[in-house]
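# Residue-level structure breakdown
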Amino acid sequence: ESFQDKKIKVFTIGYGTPGPSAWEVDHELLKRLTRKSGVLEADGYRSADASTVGDLMKAFRSALIEGLYLDPTVDPPGVVTSATPEVRRTVTVSPYDSHVAFVVDWETFDSTRVDVQLVTPLCEVITPVAANADPEIGFHSGEQYAIFTFTDVYLHPAVGDDRAGPWTLIVTGQGLAAGATEHFTYEVLTRSRLRLRAKFGSARYFAGDPIDVAVSL
């Protein structure tokens, strides 16, 4: 009960195979920790197949989304080819978004396989090199992913032009042999000051009853 007393929410990820092994994972314990903190098991517990790195990455992202109350935007999977090595996607950042993260991951275990860049509404090109040189931009990458993060200070500076508006995500396959393809997915995670609240007219309804809902933004 100490988790709830201190208003700490616990989100757990079980990575491994249940049962006796050198890497045994106590999935039931992880579920119990989540429940003890007052988080529903369906929301707070994620599991990933020990044989699939992609499942683990998705489990971490799901936990972050739930824990930080982020709003995810997920586009259908894309593909770059030797014939069409570049794909562009437009993403709108609203004036109410205080934090934004662009997450791109791909299939091949090779950090140089895919290059990710962003173009802001002010026509600023953000590359990994530029991001690492700017203290207001976060950049992290691995063999199969790249993540750019932006805070309120960068998105909506007190001095200078606001960066709300259409951003362009550019995904480029590098060194693809003739006929080669590389599949990728991307997500945009935002923390927004906008909240949609719904209130029902009654705490209980029965079959056939009209349902009254009041919605405010």
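Structural data are supplied above this passage.
A brief look at the structure comes next.

So, how was this worked out
- Residues numbered from 1 in each chain as written.
- Predicted model: local features only at pLDDT ≥ 70, side-chain atom pairs only at ≥ 80, totals over all residues.
- Heavy atoms only, no water.
- Helix = DSSP H or I, 4+ residues; strand = E, 2+ residues; numbered from the N terminus.
- Buried < 20%, exposed > 50% of the residue type's maximum accessible area, 1.4 Å probe, protein only.
- Contact = heavy atoms within 4.5 Å.
- Core = buried A, V, L, I, M, F, W, Y, C linked by side-chain atoms within 4.5 Å.
- Salt bridge = Lys/Arg side-chain N within 4 Å of Asp/Glu carboxyl O.
- Arc of directions from axis to C-beta.
- Pairing = 2+ DSSP bridges.
- Patch = residues over 30% accessible without salt bridge, like charges linked within 9 Å, V, L, I, M, F, W, Y side chains within 5 Å.
- Areas by Shrake-Rupley, 256 points an atom, 1.4 Å probe, with all protein chains shown as cover.
- Phe/Tyr/Trp six-rings, centres within 6.5 Å; stacked < 30°, edge-to-face > 60°.
- Lys NZ or Arg CZ within 6 Å of the ring centre and 35° of its normal.

What follows covers the overall build of the protein chain. Each helix and strand counted, the protein chain has six helices and 14 strands in total. Considering the protein chain as a whole, with its 217 residues, one finds that 35% of them fall into the buried category. In the protein chain, the proportion of contacts linking residues at least 24 apart, taken out of those at least 6 apart, comes to 69%.

What follows is about the nonpolar core. In this structure, Phe102, Ile126, Phe148, Phe150 and Trp167 are the most contacted members of the largest nonpolar core, which totals 28 residues. At four residues, the largest contribution of residues to this core is made by strand E6 (residues 97-106).

For side chains bearing opposite charge, pairing can occur when the charged atoms are close. This model, assessed by the stated rule, comprises five salt bridges. Across the pair Glu86 and Arg88 runs a salt bridge whose closest N-O atoms are separated by 2.8 Å. The salt bridge involving Glu182 is made with Arg113; its shortest N-O contact spans 2.7 Å. Pair noted here: Glu182 is in strand E12 (residues 181-192) and Arg113 is in the loop between E6 and strand E7 (114-119), with a separation of 69 residues, a long-range link. Note on Glu182: relative accessible area 1%, which makes it buried.

Of note, Phe3 is situated in helix H1 (residues 2-5). Ignoring sequence-local partners within four residues, the contact set of Phe3 consists of Ile8, Val10, Leu33, Lys36 and Ser37.

On to helix H2 (residues 27-36), then. Residues His27, Leu30, Lys31 and Thr34 constitute the buried set of H2. What you see down the axis of H2 is that its buried residues fit within an arc of 100°, all on one side. Positive backbone phi, at 90°, marks Gly38, one or two positions downstream of H2.

The residue Ile126 is located in strand E8 (residues 125-126) in this model. Taking the relative accessible area as the measure of exposure, Ile126 reaches 3% and is therefore buried. Separated by 10 residues in sequence, Ile126 and Val116 have C-alpha atoms that sit 9.0 Å apart. Apart from residues lying up to four places away in sequence, Ile126 is in contact with Gln117, Leu118, Thr120, Ala131, Ile137, Phe148, Phe150, Tyr154 and Trp167.

A few words on the sheet that holds strand E11 (residues 165-173). The four strands are arranged E5-E11-E7-E8 in an open sheet whose pairing can be described as antiparallel. The open sheet is flanked by strand E5 (86-93) and E8, the only strands paired with a single partner. Bridge analysis of E7 against E11 gives six bridges, and the strand direction is antiparallel. Among the inter-strand pairings, Leu118 is bridged to a residue of E11, identified as Leu169.

Right, let's get into a nonpolar patch on the surface. Residues Tyr96, Leu194, Leu196, Phe200, Ile211, Val213, Val215 and Leu217 make up a contiguous nonpolar surface patch of roughly 850 Å² in combined accessible area. Summarising the element assignment, Phe200 is placed in strand E13 (residues 197-200).

This part covers the environment of Val93. Within the secondary structure, Val93 is located in strand E5. Residue classification places Val93 among the buried positions, given a relative accessible area of 2%. The spacing of Val93 and Thr120 is 27 residues in sequence and 9.6 Å in space, taken between C-alpha atoms. Once residues within four sequence positions are removed from consideration, Val93 is found in contact with Val100, Leu155, Ala164, Gly165 and Trp167.

A separate point is the packing of aromatic side chains. The final tally for this structure, using the stated rule, is six aromatic pairs. Summarising the aromatic geometry, the rings of Phe150 and Tyr154 are spaced 5.3 Å apart at their centres and angled 35° between planes, so their arrangement reads as tilted. Judged by relative accessible area, Tyr154 falls into the buried class, the value being 7%. Their ring planes at 65° and their centres at 6.5 Å tell us that Phe200 and Tyr205 sit as a pair that is edge-to-face. Feature note: the residues Phe102, Phe150, Tyr154 and Trp167 constitute an aromatic cluster, connected by ring pairs. Above the plane of the ring of Tyr154 lies Arg163, whose end atom (NZ or CZ) is 3.8 Å from the centre.

Purely spatial values, then, with no claim about function.
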